[in-house]
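Summary of structural features
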Amino acid sequence: MGKNSFLEPLEINNIILPNRIVFPAFQANYATSEGFVTERLLKMYGKIASGGSGLVIAGGMAVSDDGTPNTNAIKINDDRQIPGLKDLFSVIKKNGSVAGAQLMHAGRQTVSIMTGHPVVAASAIPCPVMKEMPLELDNRGIKRIQDDFVNASARAKESGADLIELHGAFGYLIGGFLSPFSNKRRDEYGKDSTLFFTEIIERVKREVGNMPVSCRISGDEFVEGGLTIDQTRKIAPRLVEAGADLISVGAGTYASMKHMVPTKDMGEGVHVYLAKAIRDVVDVPVICSDNIRSIGFADKIISEKRADLVAICRPQVADPFFVKKSINNQPYKECLDCGKCLYFLRGEKSVSCTQNSEL
Ligand SMILES: Cc1cc2nc3c(=O)[nH]c(=O)nc-3n(C[C@H](O)[C@H](O)[C@H](O)COP(=O)(O)O)c2cc1C
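Residues numbered from 1 in each chain as written. Predicted model: local features only at pLDDT ≥ 70, side-chain atom pairs only at ≥ 80, totals over all residues.

1. Considering the overall build of the chain
Operational definition: Secondary structure elements are defined from DSSP: runs of H or I of at least 4 residues count as helices, runs of E of at least 2 residues count as strands, and each element is numbered from the N terminus. Counting other C-beta atoms within 10 Å of each residue's C-beta, where C-beta atoms are placed from the backbone, gives the exposure class: buried for 20 or more, exposed for 12 or fewer, partly exposed between. Distance between backbone-placed C-beta atoms decides contact: two residues are in contact if it is within 7 Å.
Across its full length, the chain carries 14 helices and 13 strands. Projecting the C-alpha coordinates of the chain onto the three principal axes gives extents of approximately 55 × 40 × 40 Å. Out of the 359 residues in the chain, the part that is buried amounts to 53%. Sequence separation of 24 or more characterises 69% of the internal contacts of the chain that already satisfy a separation of 6 or more.

Dropping the structure here:
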């Protein structure tokens, strides 16, 4: 098989991914304070798309003001954002990749002083890291945020995105509903913790038609009382039943941050086994991620059918031409695992990279 596996195109609904490498959502905090797309974002995504990934998922993009994760995250909650989003998806497509849009609501993993709105969540339990007591969403609040996801997906489609990803990973609002760690509700959304997500998927699918919808989940949250792989293996088929065309498997929450963005010492492809375990129970393609730092390893994952697509994030931030250079056996700048991109942990305003001074 050699390098051929990851170069095999993959057809999903109406689109063809030219290869199996994905640049996953990467919230760089480069938008304006109102969430508009900037020249800096266009430059970053243009370069990454020209670097050879088959699919580039832009975002995460906040579907509402109260769901904004950081000061300068991209927002997709107002039609005024559409012209900038059109430029963003167009620069990705013009440079040869399929353009995805990740839609998110931060839930309890944000702070009201930054969003200007109360923090909301499945239950009134603070995130152990952000520490702010959230308001438990009532039925009206739930419907309002579900509407926000649907309206955001319509904007993504109108702006030219080829694929939508719904962010159900990492303990944000959707992930918070899925998890017994953060959802203690006694109503229908607690008795069936997948319901909040499946209702969104069904409605988004009705809105965007044949456009593929990916659902990102944490295969394991690695927190006591949180989601385990046994549970997510039951959740994933329900997401597919609701209409998910792809499942993307990451890991962790803010309370287990090292799993969200694992360091090299945690091992190459540290969470690929989670993707494989999910792949075994669904009949749609699965994206794996986390510490996949060479194309050779990505190819092995694909050829061994442990996942259908491989997300490679920081190595492509360090060198946007990582994929093409790897294919051509050219040297590339390796991600040094220095943690500089984790601006929010370092009190910095936005992403920077020791290896990539052009960001
Ligand atoms: C600065 C930064 C921002 C991120 N933002 C998002 C995001 O908005 N949505 C998301 O699903 N993942 C996000 N991630 C996680 C990445 O998509 C990816 O899963 C993670 O970096 C592990 O992959 P890697 O080992 O290839 O870097 C972010 C990661 C970093 C470093």
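2. What about helix 9 (residues 229-242)?
Spelled out, the test is: Given a helix with a known number of residues, its expected span is that number minus one, times 1.5 Å. Directions from the helix axis toward the C-beta atoms define the arc.
Taking 1.5 Å per residue as the helical rise, helix 9 with its 14 residues ought to reach 20 Å, and the 20 Å between its terminal C-alpha atoms agrees with that figure. Of all the residues in helix 9, the buried ones are Thr232, Ile235, Ala236, Leu239 and Ala242. Here the buried residues of helix 9 occupy an arc of 120° about the axis, which is enough to place them on one side. Of the exposed residues in helix 9, those oriented more than 90 degrees away from the buried face are Asp230 and Lys234.

3. Comments concerning the pairing of strand 10 (residues 213-218)
Short version of the rule: For two strands to count as paired, DSSP must find a minimum of two bridges between them. The definition of a right-handed crossover adopted here requires that, viewed with the strands pointing away, the path from the first strand over the helix to the second runs clockwise.
Counting buried positions over the 6 residues of strand 10 gives 6, a clear majority of the element. Burial along strand 10 is two-sided: the residues Val213, Cys215 and Ile217 and Ser214, Arg216 and Ser218 are all buried. Where strand 10 and strand 11 (residues 246-250) come together, 5 bridges link them in parallel fashion. Looking across to strand 11, one finds that Ile217 is bridged to Val249. The parallel pair strand 10 and strand 11 is bridged by helix 9, and the resulting crossover is right-handed.

4. Section: the site of the ligand
To keep it simple, the criterion reads: We call a residue near a molecule or strand if the C-beta atom, set from the backbone, is within 6 Å of it. Note on residue classes: Ala, Val, Leu, Ile, Met, Phe, Trp, Tyr, Cys and Pro are nonpolar, Asp, Glu, Lys and Arg are charged, and everything else, Gly too, is polar.
Taken together, 23 residues sit near the ligand, with Ala25, Gln27, Gly60, Cys313 and Arg314 positioned nearest. By residue class, the composition of the shell around the ligand is 12 nonpolar, 8 polar and 3 charged.

5. Overview of the pairing of strand 6 (residues 98-104)
Regular strands have side chains that alternate between both faces of the sheet. Of all 7 residues in strand 6, 7 are buried, a share of seventy percent or more. Across 6 bridges, strand 4 (residues 55-62) lies against strand 6 in parallel orientation. If you follow Val56 over to strand 6, its bridge partner there is Ala99.

6. Let's talk about the nonpolar core
To be explicit about the condition: By convention the nonpolar core is taken to be a set of buried residues drawn from Ala, Val, Leu, Ile, Met, Phe, Trp, Tyr and Cys and joined through C-beta atoms within 7 Å.
Among the nonpolar cores identified, the biggest contains 106 residues, and Leu103 and Val310 are the most heavily contacted of them. In this structure Leu103 touches Met61, Val63, Ile76, Phe149, Ala152, Ser153, Ala156, Ile164, Glu165, Leu166 and His167, once residues within four positions along its chain are discounted.

7. Some points on the packing of helix 8 (residues 195-208) against helix 9
As a reminder, the rule being used: To define axes, lines are fitted to C-alpha atoms, for helices over the stretch in contact only, and angles between the resulting N-to-C directions are given on a 0 to 180 degree scale. These descriptions rest on fixed angle ranges, namely under 35 degrees for roughly parallel, over 145 for roughly antiparallel, 65 to 115 for roughly perpendicular, and the rest for oblique. Crossing handedness follows the turn of the near helix against the far one: under a right angle anticlockwise gives a left-handed crossing, and clockwise gives a right-handed one.
Look at helix 8 against helix 9: their axes get within 8 Å of each other, and the N-to-C directions meet at 25°. Between helix 8 and helix 9, the angle is such that the two are roughly parallel. Between helix 8 and helix 9 the crossing geometry is right-handed. Contact with helix 8, carried on its side by Phe197, Thr198, Ile201 and Glu202, involves Arg238, Leu239 and Ala242 of helix 9 and no other residues of that element. The residue makeup of the contact of helix 8 with helix 9, split by class, is 4 nonpolar, 1 polar and 2 charged.

8. Notes on the packing of helix 5 (residues 139-158) against helix 8
Helix 8 packs onto helix 5 with a crossing angle of 35° between their chain directions and a minimal axis gap of 9 Å. The crossing of helix 5 and helix 8 is right-handed. Listed contacts from helix 8 to Ile142, Gln146, Phe149, Val150, Ser153, Ala154 and Lys157 of helix 5 are Phe196, Glu199, Ile200, Arg203, Val204, Glu207 and Val208. Each residue belonging to the contact of helix 5 with helix 8 can be placed in one class, and the counts come to 8 nonpolar, 2 polar and 4 charged.

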